Amino acid sequence: MTMDNGKSELVYHGRRAQRADSRQRRKAILEATLRLIVKEGIRGIRHRAVAREANVPLAATTYYFKDLNDLISDAFTYFVEQGLEHTRQLQEDSFSAARSLSAEERASGAGRKLLIQQLTRFVLTHVRAQAGDRDRRLIELAFRNEALRSAQLTAAIRTANGASEALIQEFFQLLGLADPLAAAQIVHGTILNLEYQILSGAVALDSPLLERSVTMMVKGLIPTTIAVAETEQQF
């Protein structure tokens, strides 16, 4: 399944479900897997445990996912799809004003101030929403740790990172930055770090430090002056 205008692709490895009731059962298995990860971590994922949690026959889990690696990888893909939809909508809401600016307006001091505000709002809103859902962050961290042991999950993690960074990269392309991908990776890395800091209790959701850190990062990425010619070449 192609995401983000073909920039990245999230792939399911288990057996596909054709009928509506089969798709619902497969979805129930994936959601049960995510719930078990919250309760017991990745190591708690077994066909029998998932079947019990999903309230389906054991044969159903082995039918759709003969290999546990496929089950874990597909559960992550399902998890990412849910999160990307929220991020995509937030991106649309946060960057709408920036998209409406002309090249000259983006290059002005007032335009730069608006761009900084837009990106800061995007990052802070995203971090607070993500960190506020503790169970989903526990799931994400469990997947990322397990990816160090699983090549299949590592590939899925990289694809998910690429999809998230593609959404952020569009903002820097709008500015005509020389290396929008590097800028997007910096923002994404900062988001992941701040989410972990909040989850671990090192930083509070309403801490002034959170906003100061994000603002400093954004100001460092958006140049003081933006050449009109460069932005016009992009669009």
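Predicted model only: the values in this text are computed from it and were never measured.

1. Looking at the nonpolar core
Phase 1: In this structure, Ile29, Leu34, Ile37, Phe76, Phe143 and Leu153 are the most contacted members of the largest nonpolar core, which totals 36 residues.
Phase 2: Residues contacting Phe143, with those up to four places away along its chain left out, are Leu34, Ile37, Ile42, Ile72, Ala75, Phe76, Phe79, Leu153 and Ile157.

2. Focus on the pattern of salt bridges
Phase 1: Summed over the entire model, instances satisfying the criterion amount to twelve salt bridges.
Phase 2: Residue Asp21 is joined to Arg19 by a salt bridge in which the shortest nitrogen-to-oxygen separation is 3.1 Å.
Phase 3: We classify Asp21 as partly exposed; its relative accessible area is 46%.
Phase 4: For Glu92, the salt bridge goes to Arg99, with nearest N and O atoms at 3.8 Å.
Phase 5: You can call Arg99 partly exposed: its relative accessible area is 30%.
Phase 6: Taken together, the shared-partner salt bridges connect Arg137, Glu140, Arg144 and Glu195 into one network.

3. Regarding the environment of Pro180
Phase 1: By the secondary structure assignment, Pro180 is in helix H9 (residues 180-199).
Phase 2: Linking Pro180 and Ala166, residues 14 residues apart in sequence, is a C-alpha distance of 9.5 Å.

4. Structural notes on the environment of Val218
Phase 1: Structurally, Val218 can be placed in helix H10 (residues 208-221).
Phase 2: Residue Val218 is classed as buried on the basis of its relative accessible area of 0%.
Phase 3: Spatially, the C-alpha atoms of Val218 and Ala160 are 23 Å apart, while their sequence positions differ by 58 residues.
Phase 4: In this view, Val218 contacts Ile116, Leu119 and Thr120; residues no more than four positions away in its chain are not counted.

Cut-off values and rules
- Residues numbered from 1 in each chain as written.
- Predicted model: local features only at pLDDT ≥ 70, side-chain atom pairs only at ≥ 80, totals over all residues.
- Heavy atoms only, no water.
- Core = buried A, V, L, I, M, F, W, Y, C linked by side-chain atoms within 4.5 Å.
- Buried < 20%, exposed > 50% of the residue type's maximum accessible area, 1.4 Å probe, protein only.
- Contact = heavy atoms within 4.5 Å.
- Salt bridge = Lys/Arg side-chain N within 4 Å of Asp/Glu carboxyl O.
- Helix = DSSP H or I, 4+ residues; strand = E, 2+ residues; numbered from the N terminus.

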